[in-house]
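# Breakdown of the fold
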Amino acid sequence: MFEVGKVYRRRDLHEAYGGQQQGGISTPNRHPIILLITGETGGLYGYKDGWDEDGTFRYTGEGQLGDMQFVRGNAAIRDHGSNGKELHLFQQESRGLIQYRGQMACAGYDLVPDVPDREGSLRMAIVFRLISHPRDEVSALDEIDSPVDDHGQEVAPGWYWSAPLEEVRAAAMTAPTVGMAPVFARRNVYHRSKAVSVAVQRRADGRCEACGESAPFRTPDGRLYLEPHHTKRLSDGGPDNPKWVIAVCPICHRRAHYASDSMVFNESLKKILAKLES
Ligand SMILES: [Zn+2]
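A quick note: this is a predicted structure, and the numbers were derived from the prediction, not measured.

### A closer look at the environment of A256
When you line up the elements, A256 lands in helix α7 (residues 250-258). As a C-alpha pair, A256 and A210 span 46 residues in sequence and 10.0 Å in three-dimensional space. What A256 contacts, discounting residues up to four positions off in sequence, is H229, S262, F265, N266 and L269.

Right, dumping it as structure tokens:
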């Protein structure tokens with residue numbers, strides 16, 4: 001929806017999507033997106049946003065006085081996966097102009113002590129660890145990394161299919177946690193993402209949750225093939241929540257994206273999900 005590297009007028013984005021026009025974290029009501037603007041205030045208060053050596057982007061939360069709290073924008077970032085909201089990162093360019101850096105996912109956060117607030121008092125800051133949106137990385141991670149759970153323990157590849165479904169769902173819905181080492185944070189995002197994908201396929205049990213038809217074929221390991229579709233997001237992939245993700249046949253998946261009635265169809269999928277998850 002946004003083009004990486006392109007410079008936007010911030011005002012135009014708010015006209016199109018709504019959201020707070022001031023501050024670094026903007027949370028439009030009517031669209032499933034959160035706009036993060038970096039470079040606006042982070043440096044002012046003694047903490048600088050930016051890419052870390054470990055490949056995570058450190059993003060300082062909001063709150064000008066006193067300890068930062070998990071309210072409003074900070075809560076929105078932490079919970080974006082379970083709320084089905086996309087994170088989009090922009091860099092402040094000059095007054096009113098912001099450059100798009102790409103879609104992100106929140107992998108975790110640190111509570112950093114002794115960061116001066118607006119009045120110079122030392123307080124606790126929330127510093128998020130963001131990674132590039134995993135849609136493009138899941139296959140790469142599949143080969144390089146093995147996923148880890150919330151304690152940094154490796155998860156066996158077959159776990160998603162063999163563990164009790166409730167455990168897989170619980171993993172899918174876990175929020176990013178404090179203080180996880182960056183090297184594990186990325187792999188934990190992948191774990192949650194994978195857990196969502198498998199949990200909804202197991203819920204569907206071989207039948208498209210949209211049209212009710214049997215999955216069209218089996219995978220090499222004998223499973224009935226269905227695809228996870230994210231009903232609340234503008235794109236697919238990434239960590240999310242089984243209550244927003246539906247397992248569908250390839251035809252229904254294409255319909256949800258490309259048909260002339262894709263909007264209406266997508267709304268009908270949300271209703272199906274509301275029943276399945278009630
Ligand atoms: Zn179908």
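### Examining the coordination of the zinc ion
Looking at the zinc ion, one finds its protein donor set to be C208 (SG), C211 (SG), C249 (SG) and C252 (SG), positioned 2.3 to 2.4 Å from the metal centre. Residue C208 is classed as buried on the basis of its relative accessible area of 3%.

### Digging into the side chain of R203
Inspection of the secondary structure assignment puts R203 in helix α6 (residues 182-204). Looking at R203, its side chain comes within polar contact range of the main-chain oxygen of V245, at 2.7 Å. Setting aside residues no more than four positions away along its own chain, R203 makes contact with R169, E209, P242, V245, I246, A247, L273, L276 and E277.

### Let's talk about the confidence of the model for the protein
Per-residue confidence for the protein gives a mean pLDDT of 88, with 91% of residues at or over 70. Mean pLDDT in the protein bottoms out at helix α3 (residues 138-144), which sits at 50, and peaks at strand β1 (residues 7-9), which reaches 97. Overall, residues 136-141 carries pLDDT values under 50, and its contacts beyond four positions in sequence, including any with other chains, amount to 5 contacts.

### Section: the packing of aromatic side chains
This structure, assessed with the given rule, holds 12 aromatic pairs. One aromatic cluster in this structure is built from F2, Y8, Y17, F90 and Y100. Between R78 and the ring centre of F70, over which it is positioned, the NZ or CZ distance is 4.5 Å. The cationic tip of K232 hangs over the ring face of W244; the distance from NZ or CZ to the ring centre is 4.3 Å.

### Quick look at helix α8 (residues 262-276)
Between its first and last C-alpha, α8 extends 21 Å over 15 residues, near the 21 Å set by a 1.5 Å rise per residue. Those residues of α8 that sit buried are S262, F265, N266, L269 and L273. Down the axis of α8, the buried set is contained in an arc of 100 degrees. They therefore lie on one face. Turned more than 90 degrees away from the buried face of α8, the exposed residues are M263, V264, K271 and K275.

Reading guide: rules and limits
Residues numbered from 1 in each chain as written. Predicted model: local features only at pLDDT ≥ 70, side-chain atom pairs only at ≥ 80, totals over all residues. Heavy atoms only, no water. Helix = DSSP H or I, 4+ residues; strand = E, 2+ residues; numbered from the N terminus. Contact = heavy atoms within 4.5 Å. Donors = N, O, S within 2.8 Å, 3.2 Å for Na, K, Ca; no water. Buried < 20%, exposed > 50% of the residue type's maximum accessible area, 1.4 Å probe, protein only. Polar contact = N/O pair within 3.5 Å; in protein donor to acceptor, adjacent residues only side chain to side chain. pLDDT = per-residue confidence, 0-100. Phe/Tyr/Trp six-rings, centres within 6.5 Å; stacked < 30°, edge-to-face > 60°. Lys NZ or Arg CZ within 6 Å of the ring centre and 35° of its normal. Expected span 1.5 Å × (residues − 1). Arc of directions from axis to C-beta.

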